[in-house]
Amino acid sequence: MDANVLHQILEIAFQKRVSDLHFEVDNPPIFRGKGVLIRAKMANLTPPDTEFIAATVLEQSGRKLTRDIREHDTSYSLPNGGRFRVSIFRQKGHFGIVMRVIPPHIGTFHELNLPPVLGEIAQAPNGLVLVTGPTGNGKSTTLASMLRFLNEQFSYNIITIEDPIEFLFTSQKSCIIQREVGIDTDSFNSALKACLRMDPDVIMVGEMRDSETIDACIKAAETGHLVFSTLHTQGAVSTINRVVGHFPPEAQEIIRQRLADILVATVSLRLVKDRAGENVLPVVEIMRATTTIQACIREGRLDEIEKHIENGASQYQMQTLDMHLLQLYRQDLINIEDAKRLTHSMDFERKLMFDN
């Protein structure tokens, strides 16, 4: 393995529009395309191969590969501008690398097949917007699209705190400052504290990983800023439970009160193959914090939230995951097997029969 071969493999990833690359000892390079793992027609990688790849990636950010590295997240850029989010790890004593392809173009809501109401949500004067979903289901892409919308439409000071920086922005109507944990700041929490002295209008935190970061995000929203962040949760109810569950039992009632006061919306994402199997489409649950839903959060009546999302669909442009799955199925964009696989509702079959 040398730099030329590595860059050729990475260029193929962009040409083939894959989402991820895997470099692991005793396997050839593996691409993930359209959700499927595809092995490259190359020789299996050796320990020196993966060590070279890890060292090359780290060298770009000014760091040396040492034996004490067990896990490390960073980014990597090609000379032509192609970018990757990189996870370096150890397995069976050897280095492994997974590289997530960062599309060079930040898509609009229309280009990404995202609901236009995201533009309305992004215009909230302050509060907390959470974009959630499993790994690899479009959270970063959706957040980037919302920031693109603000950058093009409004004169804001937007500060992002990321680990690592993924999409690169050019300031347009807004001024965008992008800070990377480990390079520009020590942690999300310390960057958030500093951020409040940097005249922000909008703050984007790459991930709410711990109670300190969650508390700092809530405080920033309480002090009049619009805060965007992500969580690895699968819907509005699990998102609220995750946020509250980060705190000790004696603090959870207060956290529910604070969250109810500042939550603007949760946007929960899953990806599904289209009927032709050629592309993936986002399936989006949207919950907006109406007065009724705020009361549910305050009082812990989370089991009622899905019903209120359904009832507020037309007035507030909210939708459950099942509602969007049914819409995509009605439009003949996805097949019924994939819709059933993604639903987490016990009565999806009944909804489907009623829909027909």
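Residues numbered from 1 in each chain as written. Predicted model: local features only at pLDDT ≥ 70, side-chain atom pairs only at ≥ 80, totals over all residues. Heavy atoms only, no water.

## Side note on the overall build of the protein
So, step 1. A count of helices and strands for the protein gives 14 helices and 13 strands.
So, step 2. Computed over its C-alpha atoms, the radius of gyration of the protein comes to 21 Å, within 12% of the 21 Å expected for a compact globule of 356 residues.
So, step 3. Dimensions of the protein along its principal axes, counting C-alpha atoms only, are 60 × 55 × 40 Å.
So, step 4. Here the protein holds 356 residues, and the buried ones make up 51% of them.
So, step 5. Considering only intrachain contacts with a sequence separation of at least 6, the fraction spanning at least 24 residues in the protein is 55%.
So, step 6. Surface summary for the protein: the accessible area is close to 17,000 Å², and the carbon and sulfur share equals 49%. (Helix = DSSP H or I, 4+ residues; strand = E, 2+ residues; numbered from the N terminus. Rg over C-alpha atoms; globule rule 2.2 N^0.38 Å. Buried < 20%, exposed > 50% of the residue type's maximum accessible area, 1.4 Å probe, protein only. Contact = heavy atoms within 4.5 Å. Areas by Shrake-Rupley, 256 points an atom, 1.4 Å probe, with all protein chains shown as cover.)

## A look at the packing of helix H5 (residues 188–195) against helix H6 (residues 211–222)
So, step 1. Contact geometry for H5 and H6: axes closest at 9 Å, N-to-C directions at 20°. When the axes of H5 and H6 are compared, the pair comes out roughly parallel. Where H5 crosses over H6, the two elements pack in a sense that is left-handed. Each of Phe188, Asn189 and Leu192 in H5 lies in contact with H6, whose residues at this interface are Glu212, Thr213, Ala216 and Cys217.
So, step 2. Of the residues belonging to the contact of H5 with H6, the class tally is four nonpolar, two polar and one charged. (Axes fitted to C-alpha atoms, helices over the stretch in contact; angles between N-to-C directions. Parallel < 35°, antiparallel > 145°, perpendicular 65-115°, else oblique. Left-handed = near helix turned anticlockwise from the far one by under 90°. Nonpolar A, V, L, I, M, F, W, Y, C, P; charged D, E, K, R; others polar.)

## Considerations on the pairing of strand S12 (residues 263–273)
So, step 1. Counted residue by residue, S12 has nine buried out of eleven residues, so it is predominantly covered.
So, step 2. Sheet topology note: the strand S7 (residues 127–132)/S12 ladder contains five bridges and is parallel. Across the sheet, Leu128 pairs through a bridge with Leu263, a residue of S12.
So, step 3. Sheet topology places S12 next to strand S13 (residues 280–288); nine bridges connect them, and they run antiparallel. Following the sheet pairing, Leu271 is matched in S13 by Pro282.
So, step 4. The loop that links S12 with its antiparallel partner S13 comprises six residues; one of these, Gly277, has a positive phi angle of about 75°. (Pairing = 2+ DSSP bridges.)

## A short note on the environment of Arg298
So, step 1. Checked against the element boundaries, Arg298 lands in helix H9 (residues 291–299).
So, step 2. Overall, the relative accessible area of 27% leaves Arg298 in the partly exposed class.
So, step 3. In the structure, Arg298 is positioned 75 residues away from Thr223 in sequence and 20 Å away in space, judged by C-alpha atoms.

## Considering the packing of helix H8 (residues 252–262) against H9
A pair of packed helices is characterised by two quantities: the angle between their axes and the separation of those axes.
So, step 1. As a packed pair, H8 and H9 sit with axes 8 Å apart at the nearest point and diverge in direction by 165°. With respect to each other, H8 and H9 are oriented roughly antiparallel. Crossing angle aside, the handedness with which H8 passes H9 is right-handed. Residue-level contacts link Arg256, Gln257, Ala260 and Asp261 of H8 to Gln294, Ile297, Arg298 and Glu299 of H9.
So, step 2. Per-class residue counts for the contact of H8 with H9 are two nonpolar, two polar and four charged.

## Some remarks on the sheet that holds strand S3 (residues 36–39)
So, step 1. Spatial strand order, S3-S2-S1-S6-S5-S4: six strands in an open sheet with antiparallel pairing. Strands with a single pairing partner mark the edges of an open sheet, and in this sheet they are S3 and strand S4 (71–77). Adjacent strand axes in the sheet meet at a mean angle of 25° when their direction is disregarded.
So, step 2. Most of the contacts of helix H1 (residues 3–15) go to strand S1 (residues 20–23), to which it runs at about 150°, and overall it touches S1, strand S2 (30–33), S4, strand S5 (83–91) and strand S6 (94–102).

## Some thoughts on the pattern of salt bridges
So, step 1. Evaluated as defined, the whole model comprises 16 salt bridges.
So, step 2. Residue Arg100 is joined to Asp20 by a salt bridge in which the shortest nitrogen-to-oxygen separation is 2.6 Å. Placement of Arg100 in strand S6 and of Asp20 in strand S1 is noted, with a sequence separation of 80 residues between them.
So, step 3. Judged by relative accessible area, which is 6%, Asp20 ranks as buried.
So, step 4. One salt bridge connects Arg258 with Asp215, and the closest N-O pair in it is separated by 2.9 Å. A residue pair is termed long-range when its members are at least 10 positions apart, and Arg258 in helix H8 and Asp215 in helix H6 qualify at 43 residues. A single burial state applies to Arg258 and to Asp215, both of which are buried.
So, step 5. Put simply, Asp215, Lys219, Glu222 and Arg258 are held in one network by salt bridges that share partners. (Salt bridge = Lys/Arg side-chain N within 4 Å of Asp/Glu carboxyl O.)

## Comments concerning the side chain of Thr320
So, step 1. Relative to the helices and strands, Thr320 is located in the loop between helix H11 (313–316) and helix H12 (321–330).
So, step 2. We classify Thr320 as buried; its relative accessible area is 1%.
So, step 3. What Thr320 contacts, discounting residues up to four positions off in sequence, is Val284, Glu285, Glu306, Ile309 and Glu310.

## Some details on the sheet that holds S7
So, step 1. Taking strand neighbours across the sheet as the criterion, the seven strands line up as S9-S8-S10-S11-S7-S12-S13 in an open arrangement whose pairing is mixed. Of all strands in the sheet, those with a lone pairing partner are strand S9 (175–180) and S13, marking the two edges. For this sheet, the mean angle separating the axes of adjacent strands, direction not counted, is 15°.
So, step 2. When strand S8 (residues 157–162) meets strand S10 (residues 202–205), the two strands line up parallel, connected through four bridges. If you follow Thr160 over to S10, its bridge partner there is Met204.

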